[in-house]
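Reading the structure
Okay, here's what each chain looks like letter by letter:
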Amino acid sequence: QDYSERPPTPPSPSEKSESSQHGVRWRDPNLTEVISFLTNPNNVIKANAAAYLQHLCYMDDPNKQKTRVLGGIPPLVNLLGHDTPDVYRNACGALRNLSYGRQNDENKRAIKSCGGIPLLMNLLRKSSDAEVKELVTGVLWNLSSCEDLKRAIIDDGLPIIVNQIIIPHSGWGPNSGGDTCWSTVFRNTSGVLRNVSSAGEYARKRLRECEGLVDSMLYVVRLAIEKSNIGNKSVENCVCILRNLSYRCQEVEDPNYDKNPLPAQPVKVSAHPKGDNLGCFGASKKKKDSEMVVQKETTSSRCQVQRNEPLSGMELLWQPEVVQSYLCLLQSCSNPETLEAAAGALQNLAACYWQPSIEIRAAVRKEKGLPILVELLRMEVDRVVCAVATALRNLAIDQRNKELIGKYAMRDLVQKLPSGNPQHDQGTSDDTIAAVLATLNEVIKKNAEFSRSLLESGGVERLMNITRQRQKYTPRVLKFAGQVLYTMWQHQELREVYRKHGWKEHDFVTKTVAARNAGPNSPSNANSTLNRPMASQGGTRYEDRSGQGVTPDSRVAAPSLNIHPVKPGEPLYAQVNREKKKSNRSGVVGPPVMGMPPAADANAASWAYDETAAKGLVVDPASTPGGDSWV
């Protein structure tokens, strides 16, 4: 039925009065009546009942719950398979409202339990109507925020979501690429994948192995950077997906990789070797150099084998080339969600022990990424700072990174520790403090100069602020702070320096910490929690903030449900004003934009990795071997 042929809108109060004189009653139907009309033989009544139910459930949680209790969800789900566009379109709208909000998980489960997910996927596949696709993907986005339903969405619809929406809208193709279609449908669908990608090892495996998914996500991000369009929700969703799929990436080779003892760390060469021909264990330097050449050749041949065929699929996640995209986002994006996800991706990629993680840690340094990360420590958005601090901790596994972080990031790291000033400290979470402490411990544990730098940066005072307020911080933070102090005291050559600053042994070593370090599960043990790298996933987005600012709990004009012909005494319904419904989706306002952190220090350009640090020389950046400079 064409819009122009629809019955008129409800009469005005004066017209209602006139109608009542002819024996026609006007009133709003109650919820039970609306639900009963969903199974009416008349398709117009079905469509309007669904639309009216959508209206009644708009931002009204009691009505949403009551609809479920009264049995309104199964008939709505059944209408998804109806042949009439108005019927299944309005049913989608009602289900979208009913499923919106974290407090409505029971409604989401009810939609799933009566077969809603396969019907939604089928409608997504068969419909060519952009508005229907928006509504279907909006419902799926809401459903995907319920932990119980993530696996069902993957099992019932992952290939449809990827092949029908993600790949075509991304612009990526196996042989050529086009422009990304920044549609509401793409935003919604990437939101679905963002949520389900955090559903454990099964979800990561299915998504990594889904042909074209990783390729499309990386293509979207790279094209968005190229076109300077990195602030939108779709890019945010894509980076969050990549971050989650990078979590525990070594599990593709060994699912139990993190349960094994840590690989032995290379012992640092002595700062002042007794003989020019001595290596780190007293072996000849000539022998050591020859071993390094063999190692380089092995790595080089490995890269050549990999590059014989173009890489695709999950292997793209951990290639060194991805580092550049994440660093571009960290340097240029103002969306805190995207910043957190990009830092989290680097954190996860650097958290494993296999060769790709070794190469990623080196790539961040070679792409001049360390100062970009350190600068972000100055942001006021705590979750970004936490991801950045944890990324630095994992990157510090690399000896060269560790030296650069120790030289140039100490002041920024110390500034994130509690100062005792409530105004300064209130925005920093315990997770962020723990990440900073883990980074500091990694940097100072085998380097006395960095321990001295921590002292001179005011670090001991801040560490004491933590250990003296045991009721204020979590046990994890207290343990980490005590361990950093203990590690500082292990540098015997600095003990007199500490004393001159007014500190004593009992400030660094408490009986509790000493006993803990004496045991078999000592924090100084390589396999302790403090000494293992840290990985993380993004959390579920409960409110999908659909429509670049429009709530997915979408409002439609309240129909009075005017059906023709009318029997005496029957409630009258009017058609939904679809133009008004469409106008309700305009006037979009985007999320607030956060300011970027302060500019880097003016002398940052002189920061360089010192290949001759053992001799205490300052190296000119221009003469530094490629890839080892700070900026």
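Residues numbered from 1 in each chain as written. Predicted model: local features only at pLDDT ≥ 70, side-chain atom pairs only at ≥ 80, totals over all residues. Heavy atoms only, no water.

1. Looking at the overall build of the chain
Scanning the chain from terminus to terminus reveals 31 helices and 0 strands. Burial status across the chain gives 53% buried among its 631 residues. (Helix = DSSP H or I, 4+ residues; strand = E, 2+ residues; numbered from the N terminus. Buried < 20%, exposed > 50% of the residue type's maximum accessible area, 1.4 Å probe, protein only.)

2. Some details on unusual backbone geometry
Although it is not a glycine, Arg 248 sits at a positive phi angle of roughly 50 degrees. As for its position among the elements, Arg 248 is in the loop between helix 14 (233-246) and helix 15 (285-307). Backbone geometry places Lys 368, a non-glycine residue, at a positive phi of 60 degrees. Take Lys 368: it is sitting in the loop between helix 18 (355-366) and helix 19 (370-376).

3. Focus on the nonpolar core
Core analysis: the largest hydrophobic core is formed by 158 residues, its most contacted members being Leu 330, Leu 437 and Met 488. A per-element tally of this core places helix 10 (residues 150-170) first, with 10 residues. Among all residues touching Leu 437, those that are not within four sequence positions of it are Leu 417, Leu 463, Ile 466, Val 477, Phe 480, Ala 481 and Val 484. (Core = buried A, V, L, I, M, F, W, Y, C linked by side-chain atoms within 4.5 Å. Contact = heavy atoms within 4.5 Å.)

4. What to know about the packing of aromatic side chains
Within a pair of aromatic rings, the relevant descriptors are the distance that separates the centres and the angle that separates the planes. All chains considered together, the criterion is met by 5 aromatic pairs. Between Trp 489 and Phe 508, the aromatic rings sit 5.3 Å apart at their centres with planes inclined by 25 degrees, giving stacked as the arrangement. On the criterion of sequence distance, the pair formed by Trp 489 in helix 27 (residues 475-489) and Phe 508 in helix 29 (residues 505-508) is long-range, its members being 19 residues apart. By the burial criterion, Trp 489 is buried, and Phe 508 matches it. On the numbers, 4.7 Å between centres and 25 degrees between planes, the contact of Tyr 498 with Phe 508 is stacked. With Tyr 498 in helix 28 (residues 495-500) and Phe 508 in helix 29, the pair connects residues that are 10 residues apart, well separated along the chain. With a relative accessible area of 0%, Tyr 498 lands in the buried category. We classify Phe 508 as buried; its relative accessible area is 2%. (Phe/Tyr/Trp six-rings, centres within 6.5 Å; stacked < 30°, edge-to-face > 60°.)

5. With respect to the pattern of salt bridges
A side chain with one charge can pair with a side chain of the opposite charge if their charged atoms come near. If you walk through the whole model with that rule in mind, you get 30 salt bridges. Its salt-bridge partner being Arg 109, residue Glu 106 comes within 2.8 Å of it at the nearest N-O pair. In this pair, Glu 106 and Arg 109 both sit in helix 7 (residues 105-113), 3 residues apart, roughly one turn of the helix. Residue Arg 109 is classed as partly exposed on the basis of its relative accessible area of 27%. For the salt bridge of Glu 337 with Arg 383, the shortest nitrogen-to-oxygen distance reads 3.6 Å. Of this pair, Glu 337 sits in helix 17 (residues 336-349) while Arg 383 is found in helix 20 (residues 382-395), placing the two residues 46 residues apart along the sequence. When salt bridges that share partners are traced, they join Arg 194, Lys 233, Glu 236, Glu 337, Glu 340 and Arg 383 into one network. (Salt bridge = Lys/Arg side-chain N within 4 Å of Asp/Glu carboxyl O.)

6. Details of helix 18
With 12 residues, helix 18 ought to run about 16 Å at 1.5 Å a step, and its terminal C-alpha atoms sit 16 Å apart, in line with that. Among the 12 residues of helix 18, 9 are classified as buried, and the element is accordingly described as predominantly covered. The complete set of buried residues in helix 18 reads Pro 356, Ser 357, Glu 359, Ile 360, Arg 361, Ala 362, Ala 363, Val 364 and Arg 365. A positive backbone phi angle near 60 degrees is found at Lys 368, which sits one or two residues after helix 18. (Expected span 1.5 Å × (residues − 1).)

7. So, helix 11 (residues 184-196)
Look at helix 11: 19 Å from first C-alpha to last across 13 residues, which is about the 18 Å you get at 1.5 Å a residue. Burial of helix 11 is extensive: 12 of the 13 residues sit out of reach of the surface. Turning to helix 11, its buried residues are Val 185, Phe 186, Arg 187, Asn 188, Thr 189, Ser 190, Gly 191, Val 192, Leu 193, Arg 194, Asn 195 and Val 196.

8. Considerations on the environment of Glu 131
Inspection of the secondary structure assignment puts Glu 131 in helix 9 (residues 130-143). Here the alpha-carbon distance between Glu 131 and Val 185, two residues 54 residues apart in the chain, equals 8.7 Å.

9. Digging into the packing of helix 10 against helix 12 (residues 200-209)
Taken N-terminus to C-terminus, the directions of helix 10 and helix 12 make an angle of 20 degrees; their axes are 10 Å apart at the nearest point. If you check the angle between helix 10 and helix 12, you find them roughly parallel. Here the hand of the crossing between helix 10 and helix 12 comes out left-handed. Every residue of helix 12 that contacts helix 10 at Arg 151, Ile 154, Asp 155 and Leu 158 is listed here: Tyr 202, Ala 203, Arg 206 and Leu 207. Each residue belonging to the contact of helix 10 with helix 12 can be placed in one class, and the counts come to 5 nonpolar, no polar and 3 charged. (Axes fitted to C-alpha atoms, helices over the stretch in contact; angles between N-to-C directions. Parallel < 35°, antiparallel > 145°, perpendicular 65-115°, else oblique. Left-handed = near helix turned anticlockwise from the far one by under 90°. Nonpolar A, V, L, I, M, F, W, Y, C, P; charged D, E, K, R; others polar.)

10. Brief notes about the side chain of Arg 89
As for its placement among the helices and strands, Arg 89 is situated in helix 6 (residues 85-98). Look at Arg 89 and you get buried, because its relative accessible area is 7%. Within polar-contact distance, the side chain of Arg 89 engages the side chain of Asp 129 at 3.0 Å. (Polar contact = N/O pair within 3.5 Å; in protein donor to acceptor, adjacent residues only side chain to side chain.)

11. A word on the UniProt feature "repeat: ARM" (unreviewed entry) in the chain
The residues that UniProt annotates with the feature "repeat: ARM" (unreviewed entry) are residues 71-106, 115-158 and 368-405. Counting secondary structure, residues 71-106 comes out at 64% helix and 0% strand; the distance between its end C-alpha atoms is 13 Å. (UniProt positions renumbered as here; feature names shortened; annotations may be inferred.)

12. Overview of the environment of Arg 194
In this structure, Arg 194 sits in helix 11. With 46 residues separating them in the primary sequence, Arg 194 and Cys 240 have C-alpha atoms 6.1 Å apart. Looking at Arg 194, its side chain comes within polar contact range of the side chain of Asn 237, at 2.9 Å.

13. A closer look at the packing of helix 9 against helix 11
Running from N to C, helix 9 and helix 11 cross one another at 20 degrees; their axes reach a closest spacing of 9 Å. Between helix 9 and helix 11, the angle falls in the class roughly parallel. The handedness of the crossing between helix 9 and helix 11 is left-handed. For the pair helix 9 and helix 11, the contacting residues are Ala 130, Lys 133, Glu 134, Thr 137, Gly 138, Leu 140 and Trp 141 in the first and Thr 184, Val 185, Arg 187, Asn 188, Thr 189, Gly 191, Val 192 and Asn 195 in the second. Within the contact of helix 9 with helix 11, the residues separate by chemical class into 5 nonpolar, 7 polar and 3 charged.

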